[in-house]
Amino acid sequence: AAMKQTKGLEGDKMSIIKFEFNPKVGIDNPALTLTEDMDGEGVGEPRFYLLTKESTETFGFCLHEELGCHGHVIRQIELGGVAQRRGLQDGDRLLQVNGHFVDHMDHFRVVQKIKASGNQVLLAVLDGDSYEAAKSLGRDLSQLLPDDIRPRLCHITRDKSGFGFSVSCPEGTKGTFQLSVLQDGPADRAGVPPGSWLLELNGHSVKSYSHMQLTKKLKQSGNKVTLLVASSAVEEFYRLRGLRVTAALADTSRLPFKVRELHLVKGPAGYGFLLKEDDCSSGGVGQFLWDVDAGLPAERAGMREGDRVLAVNGESIEGLDHEQTVHRIRAREDQVTLLVIDPAGDEFYHSVGFGGTVLL
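What you are looking at is a predicted structure, and each value in this text was computed from that prediction instead of being measured.

Further remarks concern the pattern of salt bridges. If you walk through the whole model with that rule in mind, you get 14 salt bridges. With a shortest N-O distance of 2.4 Å, aspartate 92 and arginine 47 are connected by a salt bridge. One end of the pair, aspartate 92, is in the loop between helix H1 (82-86) and strand S5 (93-97); the other, arginine 47, is in strand S2 (residues 47-52), and 45 residues separate them in sequence. Residues aspartate 92 and arginine 47 agree in their burial class; the two are buried. In this structure, a network of salt bridges that share partners links the residues Glu66, Arg75 and Asp90.

Rendered as structure tokens:
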């Protein structure tokens with residue numbers, strides 16, 4: 001469908017979003033808390049919840065911005081939903097989304113972060129009374145939370161000395177691999193923390209691998225390998241809380257290919273691009289950008305022919321067809337923000353088993 005002269009309804013700012021949760025998926029453990037010494041001043045502890053849902057479902061609660069009430073407020077928790085079963089409480093304040101502190105962010109931006117998480121999101125919340133008490137004491141709420149709770153995705157290119165890491169595994173065990181990292185070697189330069197734990201190799205869990213099987217897989221990787229790793233502190237954080245570490249929660253900032261955010265403001269001749277549905281390298285279908293007109297908003301924003309669209313106005317388009325994507329682009333009459341990746345990046349992420357949700 002030609003998108004060069006798009007017109008449509010102006011999008012309204014969202015102040016309440018409902019998320020429904022599938023009670024059949026997720027973890028069975030209630031959320032555990034991070035113990036902090038608050039000097040006995042009545043401020044409680046943050047609680048962490050890893051929520052997982054099906055593509056056709058939502059997360060089972062509403063996120064409110066309320067007059068006379070500070071913070072992002074959890075409301076309307078669905079009876080019997082997993083959000084309720086996991087322990088989310090009415091009036092809880094949302095502090096963190098996937099390891100990102102959000103208390104200071106605009107409400108709509110926080111909603112976008114949750115939507116961009118796809119089917120899994122890690123939330124940190126504080127009960128309403130503790131939140132108000134902390135605010136009244138002038139506390140920096142970010143100090144209640146650990147510095148970094150995200151695993152890392154690291155892409156390593158072998159040099160003449162190898163990948164720059166060695167693997168140790170307790171004798172007779174499977175799936176427990178700790179990495180020793182050579183200083184200034186390829187792994188170190190790729191961002192692998194010393195002493196980190198290996199979780200996935202080229203998009204596949206190593207949980208069932210023996211040391212011999214892992215060694216064989218590394219040799220089969222050729223000159224490049226992509227690892228999902230967790231530092232000792234991050235591994236301990238998830239283990240103590242009964243939470244599963246997944247690539248969807250990972251820090252991807254060290255990977256060689258980046259997604260790009262394009263903000264387009266429509267000109268007299270439109271945006272200046274075509275949207276086309278085509279086959280993806282991953283085997284499904286995707287929405288691609290073509291016929292980028294010289295000098296028009298799309299080209300000025302940095303659009304390249306062949307880019308694949310991952311999100312529109314902060315919301316993932318995973319699972320949407322062409323017409324639904326066009327509708328999202330037209331939702332705001334004179335501007336749109338697209339998250340895109342070029343063909344080389346798209347092929348790389350597919351080759352290591354990571355999809356659009358990870359990129360978002």
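What follows covers helix H8 (residues 322-330). Among all positions in H8, only His322, Thr325, Val326 and Ile329 are buried. Buried positions in H8, seen along its axis, are confined to an arc of 100° and lie on one side of it. Relative to its buried face, H8 has exposed residues pointing more than 90 degrees away, namely Glu323 and His327. Where H8 is buried, its residues meet strand S15 (274-279), strand S16 (285-290), strand S17 (308-312) and strand S19 (335-341). The opening residue of H8, the one whose side-chain oxygen lies 3.3 Å from the backbone nitrogen of glutamate 323, is aspartate 321.

Looking now at a negative patch on the surface. The grouping of Glu277, Asp278, Asp279, Asp321 and Glu323 at the surface amounts to a negative patch. Considering every element that reaches the negative patch, the biggest residue donor is S15, with three residues. Counting through the fold element by element, aspartate 321 comes out in the loop between strand S18 (315-316) and H8. Its relative accessible area of 38% is what places aspartate 321 among the partly exposed residues.

This paragraph deals with helix H6 (residues 232-240). Buried residues of H6: Val234, Phe237 and Tyr238, and no others. Along the axis of H6, the buried residues cluster in a sector spanning 90°; they form a single face. Against the buried residues of H6 lie S2, strand S7 (120-126) and strand S13 (224-230). Looking at the residues trailing H6, positive phi occurs at glycine 242, about 65°.

Within S5, five of the five residues are buried, which leaves it mostly tucked inside the rest of the structure. Across four bridges, S5 lies against S7 in antiparallel orientation. In the sheet register, glutamine 96 faces S7, and the bridge partner there is alanine 124. Strand direction decides the pairing type here: S5 and strand S6 (residues 100-101), joined by two bridges, are antiparallel. From the neighbouring strand, valine 97 faces S6, where its bridge partner is histidine 100. Taken together, S5 and the strand that follows it, S6, pair antiparallel across an intervening segment of two residues, in which asparagine 98 is found at a positive phi of about 50°.

Once that is clear, we can look at unusual backbone geometry. Within the chain, asparagine 98 stands out as a residue other than glycine whose phi angle is a positive 50°. Along the chain, the position of asparagine 98 falls in the loop between S5 and S6. A relative accessible area of 13% places asparagine 98 in the buried class.

How each quantity is defined
- Residues numbered from 1 in each chain as written.
- Predicted model: local features only at pLDDT ≥ 70, side-chain atom pairs only at ≥ 80, totals over all residues.
- Heavy atoms only, no water.
- Salt bridge = Lys/Arg side-chain N within 4 Å of Asp/Glu carboxyl O.
- Helix = DSSP H or I, 4+ residues; strand = E, 2+ residues; numbered from the N terminus.
- Buried < 20%, exposed > 50% of the residue type's maximum accessible area, 1.4 Å probe, protein only.
- Arc of directions from axis to C-beta.
- Contact = heavy atoms within 4.5 Å.
- Polar contact = N/O pair within 3.5 Å; in protein donor to acceptor, adjacent residues only side chain to side chain.
- Patch = residues over 30% accessible without salt bridge, like charges linked within 9 Å, V, L, I, M, F, W, Y side chains within 5 Å.
- Areas by Shrake-Rupley, 256 points an atom, 1.4 Å probe, with all protein chains shown as cover.
- Lys, Arg positive; Asp, Glu negative; His and termini not counted.
- Charge placed at Lys NZ, Arg CZ, Asp CG, Glu CD.
- Pairing = 2+ DSSP bridges.

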